[in-house]
Amino acid sequence: MLQHLRTFGIVSVITLLVWVFAEGESLGTTSVTLEVRLASDAPNLIVDLGEGESWNGTVEVRLEGPTARLDEVRALLRRPEAIELTTRELGTQSGAVRLAEVLRRHPVFRGSGVTIVDTDPKVVRIEVIRLVEREAKVVVDPDGVALRGLAQAEPSTLVIKMPEDLSEQTPDPLELVVRLRGEMVQGLTPGQAQTIFNIPVELPESLREHADRILGLKPVNVRLTLAVRTETRSLASVPVDLRIPAVVSDRYLARVSQQEQLLTGVQIRGPVEVLDQVGAGKRYTPRIEVFLTPEELSSKVPADGSEVELVVQGRLIGVPPSVEPAEAPPAVHVFVRRADVEADQEEPGE
């Protein structure tokens, strides 16, 4: 009895294995929908759809083969990335290609044990474009950005690839443009050489419609110096600073006319960024210096102690070197007398 049971078990296992093997080797058919992308694996070729071809890259493929092999292929095709057909499958000639034939050459199907019976669409027209190298000069267009001198692209030339027929229609020299924008130079210091990085280049207008077939358009850097923007401004109020040399200061009494102790309408000129820091309560406080020299005092101030009126040319001080008077500072009326002599008469009026 036990021997019969053993024999029955062995027969059952063998039957199951035979059934599984037979099921795996039984022929079946299935259909799958693929997303296909055309590409090139050759550096000097571009593969694209032929002129007038409206195919959107979707293809329905009918497969036939052993059930197990069909399952394996279906599993491979569940990957999210598209099937990529390159010149290895498509060849290097323009014209009509039968999708069933080129798909059979793809690694997913080649040697898979399944057969591509049919596709929808059956035929697609492709264009294989041969590229040639061209050296292009890169020029910088300031586009309204104020520069000191010329801006320099780095590198100043690019080697690009374009369709051979297009190259024949494009005369030398071929120029690519780097166009500056105001926002690109924000934060840069005027007057200092600086570099802006990774600015895209632009094709000439005649080539822009072919941009997708031109390779090697890499961003470049631009070395430039921003021009210093100057402006003239009027100061509302500038104090007058009267100075007498210390060696004679104890011998004279001097005062500025009351109406001129604060001057209005003083014109200054300089870089805009610096002028914004000049004025009352700001980083730089401008003043008009009036300096009386010992020679001037001894020659013009009476020895009898009477007060004399002097007209002295003022000098702008308290501003950085880049700021200067837009016009000559006004002359200031100063009243001076000897400090060590009593005046014999009333001081003159102002």
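Shown above is the structure to which this text applies.
An account of the accompanying structure is given in this report. Everything quoted here is computed from the prediction, not taken from an experiment.

Basis of the calculations
- Residues numbered from 1 in each chain as written.
- Predicted model: local features only at pLDDT ≥ 70, side-chain atom pairs only at ≥ 80, totals over all residues.
- Heavy atoms only, no water.
- Core = buried A, V, L, I, M, F, W, Y, C linked by side-chain atoms within 4.5 Å.
- Buried < 20%, exposed > 50% of the residue type's maximum accessible area, 1.4 Å probe, protein only.
- Helix = DSSP H or I, 4+ residues; strand = E, 2+ residues; numbered from the N terminus.
- Pairing = 2+ DSSP bridges.
- Axes fitted to C-alpha atoms, helices over the stretch in contact; angles between N-to-C directions.
- Contact = heavy atoms within 4.5 Å.

A closer look at the nonpolar core
Of all hydrophobic cores here, the largest spans 28 residues; its most connected members are Leu 34 and Phe 109. At the level of secondary structure, the elements contributing two or more residues to this core comprise β1 (27–38), β2 (45–49), β3 (58–66), α2 (67–77), β4 (83–85), α4 (99–104) and β7 (123–141). Listed in part, the 26 residues of the second largest apolar core include Ala 136, Leu 147, Leu 203 and Leu 207.

Some thoughts on the sheet that holds β3
The strand order across the open sheet formed by four strands is β4-β1-β3-β6, and the pairing between neighbours is mixed. Edge positions in the sheet fall to β4 and β6 (115–120), since each of these pairs with one other strand and no more. The sheet shows a mean angle of 40° between the axes of neighbouring strands, taken without regard to direction. Its contacts with the sheet put α2 on β1, β3 and β4, and the angle it makes with β3 is roughly 150°.

What about the environment of Pro 330?
Tracing the sequence through the fold places Pro 330 in the loop between β21 (324–325) and β22 (331–338). For Pro 330, a relative accessible area of 33% corresponds to the partly exposed category. Taking the C-alpha atoms as reference, Pro 330 lies 8.5 Å from Leu 263; in sequence the two are 67 residues apart. Non-local contacts of Pro 330, meaning those with residues more than four positions away in its chain, are made with Leu 263, Gln 313 and Gly 314.

Structural notes on unusual backbone geometry
Negative phi values dominate among residues other than glycine, just as trans dominates among peptide bonds. Cis geometry marks the peptide bond from Asp 120 to Pro 121; its omega dihedral reads 10°. As for its position among the elements, Pro 121 is in the loop between β6 and β7. A cis amide bond, omega -10°, links Asp 172 with the succeeding residue Pro 173. Mapped onto the elements, Pro 173 comes out in the loop between α5 (164–169) and β10 (174–179). Unusually for a residue other than glycine, Asn 198 sits at a positive phi of about 55°. If you trace the backbone, Asn 198 turns up in strand β11 (residues 193–199). For Asn 198, a relative accessible area of 58% translates into the label exposed.

Section: the pairing of β1
Only one face of β1 is buried, namely the one carrying Gly 28, Thr 30, Val 32, Leu 34, Val 36 and Leu 38, since none of Leu 27, Thr 29, Ser 31, Thr 33, Glu 35 and Arg 37 on the opposite face is buried. Pairing geometry for β1 and β3, over nine bridges, is antiparallel. Residue pairing in the sheet places Leu 27 in a bridge with Pro 66 of β3. Note that β1 and β4 share three bridges and pair parallel. Directly across from Leu 38, in β4, lies its bridge partner Leu 85.

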